[in-house]
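Commentary on secondary and tertiary structure
So the chains spell out like this:
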Amino acid sequence: MTEPARRIVFLGTHGQYNIGDELLLDTFLTQLGSQHHYVVNSYDPEFTRAQLAGRFDVEVIDTAGDRRRLLRELMRCDVLCFGGGSIVKELYASTGRNRYSTLLMILAIVTFTHRIARKPITMLNVGVGPVRTPRGRRLARMILSQVDELTVRDEKSRALCASIGITPVLATDAVFSVDAGSLLGGTEADPVADGSDPVRVALNLNFDIENPDNWELFLDRLATALVRVHEQRPIELHALPMQAGFKEHDDAEVLQEFSTRVPSIRFVEHELTSPADAARLIHSCDVLVSERLHAIVMASILGVPSFVLAYDVKVRELASMLGLVPWSVDINEPFDADDVGDRILDLIEQRESVAAEVHRHSAELGQRARRNFESARQWVAAAR
């Protein structure tokens, strides 16, 4: 039975050319249903309209320039929905923005919707944290106490909520609900790597880490580790920029600079414009070495094992969920480059068995994500 059509204001970090965020948007609108009318925010409305064209009944408003219109849409909508991503968090110093700017913005939107518009609010499959300061915890509680339906994507988020007196439903990341064929865009993918030399390694780097003071040391030691791998088992690196544009030090820029640190290794740059582009590149490689959460999620669905460069709490939690802790390192602290190199080599040698185990975890998380969406659809249909 098809749920009734609703007018849904769907908010997130869209139009920042971040493949993970655009994949989340596509996933949520697909899973919630094409019968609804969506009002979606974007930092680049034309980009987002083109992404969704012909598949959804959607209006796109400018995140920065249409704030009055956002208020009007909140007054006339049936439901306000925040979908996926790290919604309730303090910002890292590396972003160059005020620690509390996101919390304050979300608080203003939620309070207006709850107290003035008097419309139901849901946050689905979101990340909560990092929130480390007393002020941040107060702001987080003020936000979440006004949300009618809250599901979080990992145990750390649930524990943080519990510590401030909020009881969410434990879900998982929404992208786990997507199958491999859909990720690949329904088109013919590049051939899967066969493990012959050189080993194809997809590499993702993201500048915005918890401890920016460790960034240069991290890059130096990662380069040393990869050269060590190459000396023992030839590899070629394939750049996987999950964000290209919108901000300084985007993934594409960081990866290009990193290539100069490993001149002995063939480094192949790729221009990716969609989640399907990223999925096909990952699918064509033997292993993934990545910071970005959704690159790792996609790899798990596609059966490609990952070495996790854990830059924050959400990625550390994902490594635990997928059984990848032995193949992960906290990049906010100094680490032994030889040890990391040896563990990447170990992952390459064991890639088939690790991939199978990770794919099993991913399938279980996929079942949970689809159950989460079934409940979400029921909630949206009944919300008043």
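Up top is the structure these notes are about.
Residues numbered from 1 in each chain as written. Predicted model: local features only at pLDDT ≥ 70, side-chain atom pairs only at ≥ 80, totals over all residues. Heavy atoms only, no water.

**Structural notes on the side chain of His361**
Tracing the backbone shows His361 in helix α14 (residues 351-382). A residue is classified by how much of its surface remains accessible, and His361, at 17% relative accessible area, is buried. Those residues in contact with His361 that lie beyond four places of it in its chain are Met321, Leu322 and Gly323. (Helix = DSSP H or I, 4+ residues; strand = E, 2+ residues; numbered from the N terminus. Buried < 20%, exposed > 50% of the residue type's maximum accessible area, 1.4 Å probe, protein only. Contact = heavy atoms within 4.5 Å.)

**Quick notes on the sheet that holds strand β14 (residues 328-330)**
The strand order β11-β10-β9-β12-β13-β14 describes an open sheet built from six strands, whose pairing is parallel. Each edge of the open sheet carries a strand with a single partner, namely β11 (266-268) and β14. Geometrically, the sheet is characterised by an average inter-axis angle of 20° between neighbouring strands, direction not taken into account. Here three bridges tie strand β9 (residues 199-203) to strand β12 (residues 287-290), and the two strands are oriented parallel to one another. (Pairing = 2+ DSSP bridges. Axes fitted to C-alpha atoms, helices over the stretch in contact; angles between N-to-C directions.)

**Remarks on empty space enclosed by the protein**
Applying the stated criterion to the full structure yields one cavity of 30 Å³ or more. Looking at the largest cavity, its volume works out to about 50 Å³. Along the walls of the largest cavity sit Arg153, Asp154, Asp173, Phe176, Leu293, Lys314, Leu318 and Met321, which together make up its complete lining. If you tally residues by element for the lining of the largest cavity, the top one is helix α12 (residues 313-321), at three residues. Its residues assigned to classes, the lining of the largest cavity comprises four nonpolar, no polar and four charged. (1 Å grid on protein atoms, 1.4 Å probe; cavity = no way out; pocket = protein on both sides within 12 Å on 5 of 7 lines; lining within 4 Å. Points joined across faces, edges and corners; volume = space filled by probe spheres on them. Nonpolar A, V, L, I, M, F, W, Y, C, P; charged D, E, K, R; others polar.)

**Things to note about the layout of surface pockets**
One water molecule sets the probe size; rolling that probe over the atoms shows where empty space is left. Roughly 510 Å³ of volume is contained in the second largest pocket. Lining the second largest pocket are 27 residues; nearest its centre among them are Glu22, Leu23, Asp26, Pro275 and Ala276. When residues in the lining of the second largest pocket are grouped by element, the largest group, seven residues, is from helix α1 (residues 19-32). When the residues that make up the lining of the second largest pocket are grouped by side-chain class, the tally is 12 nonpolar, 11 polar and four charged.

**Some points on helix α9 (residues 251-259)**
Of the residues making up α9, those classed as buried are Asp251, Val254, Leu255, Phe258 and Ser259. End-on, the buried residues of α9 take up no more than an arc of 140°, which puts them together on one face. Contacts from the buried residues of α9 go to β9, α8 (215-232), β10 (235-239) and β11. At the N-terminal boundary of α9, the capping side chain belongs to Asp250, with an oxygen 3.1 Å from the backbone nitrogen of Ala252. (Arc of directions from axis to C-beta. Polar contact = N/O pair within 3.5 Å; in protein donor to acceptor, adjacent residues only side chain to side chain.)

**Structural notes on the pairing of β10**
Across a regular strand the side chains alternate sides, sitting on one face of the sheet and then on the other. Of all five residues in β10, five are buried, a share of seventy percent or more. Neither face of β10 is exposed, since Ile235, Leu237 and Ala239 on one face and Glu236 and His238 on the opposite face are all buried. Once you follow β9 into α8 and on to β10, the crossover reads as right-handed. Across three bridges, the pairing between β10 and β11 is parallel. In the strand pairing of β11, Leu237 is matched with Phe267. Read from β10 through α9 to β11, the crossover connection turns out right-handed. (Right-handed = clockwise from strand over helix to strand, strands pointing away.)

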